[in-house]
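# A closer look at the structure
What follows is the residue order along each chain.
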Amino acid sequence: MSIDQRPIDGATVPIDPANQVELLVVATNPGTAPVKVRSVRLSGVALALTFFAYDTTAPFEVPARGTVTRTFVLDLGDLAGQATGLLPSSVELLDAQRATLGEATTVADVRGSFWSVYGVFGLAMLVLTVLAWLTALLALARHRLAPNRWRRGLRFLPAGFGTGLVAVISLSVLRLVPPEPAIEIPVVLGAAAIAFLLGYLTPHPAPPATPAEDGSTVRLPVPSTREFPR
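All values reported here derive from a predicted model rather than from experimental measurement.

### Structural notes on the pattern of salt bridges
Throughout the structure, instances matching the rule amount to 4 salt bridges. Between R41 and D55 there is a salt bridge, with its nearest N and O atoms 2.9 Å apart. Of the two residues, R41 sits in strand β5 (residues 35-46) while D55 sits in strand β6 (residues 49-62), which places them 14 residues apart along the sequence. By relative accessible area, which is 23% here, R41 ends up partly exposed. Of the residues examined, D55 reaches a relative accessible area of 36% and is grouped as partly exposed. Where D109 meets R111, a salt bridge forms, and the shortest distance between an N and an O atom there is 3.2 Å. Here R111 falls in the partly exposed class, since its relative accessible area comes to 43%. When salt bridges with common partners are traced through the structure, they connect R41, D55 and R98 into a single cluster.

### Considerations on a nonpolar patch on the surface
A contiguous nonpolar surface patch, about 940 Å² in accessible area, is contributed by F114, W115, V120, L123, L126, V127, L128, V130, L131 and L134. Here L126 is to be found in helix α1 (residues 117-141).

The rules behind these values
- Here the residue index of a chain counts from 1 through its sequence in written order.
- Note on the predicted model: pLDDT of at least 70 is required for a residue's local features to be given, and 80 or more for side-chain atom pairs to be given and counted; whole-chain, interface and lining totals, by contrast, use all residues.
- Side-chain calculation: all heavy atoms of the structure are included, whereas hydrogens and water are not.
- By salt bridge we mean one thing: a side-chain nitrogen of Lys or Arg within 4 Å of a carboxyl oxygen of Asp or Glu.
- The helix and strand labels rest on DSSP assignments: H or I over at least four residues marks a helix, E over at least two residues marks a strand, and numbering proceeds from the N terminus.
- Relative accessibility decides the category of a residue: with a 1.4 Å probe and only protein chains considered, values under 20% of the type maximum give buried, values over 50% give exposed, and everything between is partly exposed.
- Within the patch definition used here, like charges are joined within 9 Å and nonpolar side chains (Val, Leu, Ile, Met, Phe, Trp, Tyr) within 5 Å, considering only residues with over 30% relative accessible area and no salt bridge.
- Computed with a 1.4 Å probe, the accessible areas rest on the Shrake-Rupley method; for each residue, only the protein chains presented here act as cover.

Structural data, given as structure tokens:
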């Protein structure tokens with residue numbers, strides 16, 4: 001398969017939504033019965049979410065042990081508002097029941113708008129991540145974290161997840177690294193683990209204090225559980 005005469009297998013294919021895309025499909029049927037193809041789908045996925053999908057209905061039949069070549073012209077004008085940057089993509093051949101007959105994967109370099117759905121999603125994740133860090137650090141500064149280390153670690157965990165997601169999306173939008181599972185999963189889990197460890201290692205919150213009669217602050221001692229003889 002190819003897009004604008006560029007082979008898509010193991011390559012990064014630029015897609016400009018301002019121009020029509022020529023998709024060349026070569027379908028091979030190794031079976032003993034003919035296969036009917038109903039439509040062709042071009043889709044892009046990141047973080048297990050589908051950010052764009054275009055279906056073109058063009059029925060054709062692939063004879064047994066035969067090969068058929070078809071060319072489709074796709075109008076992807078709406079893609080500018082849906083995605084931008086590097087996205088793992090696929091071209092699928094579908095039958096009448098929408099089942100996948102064959103598939104080729106690639107990485108699409110979408111020349112879309114920063115204010116696309118994908119770009120705004122990344123911006124929203126950045127805002128939520130900053131709020132998560134501010135909330136956790138403010139609780140640390142005010143000595144309001146839980147005394148239990150595991151609970152303190154869990155308090156920092158959402159900020160770590162958010163940091164990993166923002167890193168994955170940023171690398172994709174900047175056209176540096178596509179958000180493929182082999183990359184996004186270690187980055188997100190690694191950032192979450194680091195954040196949890198930071199929360200786990202934070203100092204124990206100071207014990208509550210009460211003002212003395214002269215206005216100074218007195219720390220209350222920890223009650224003893226030791227029993228004295230009567």
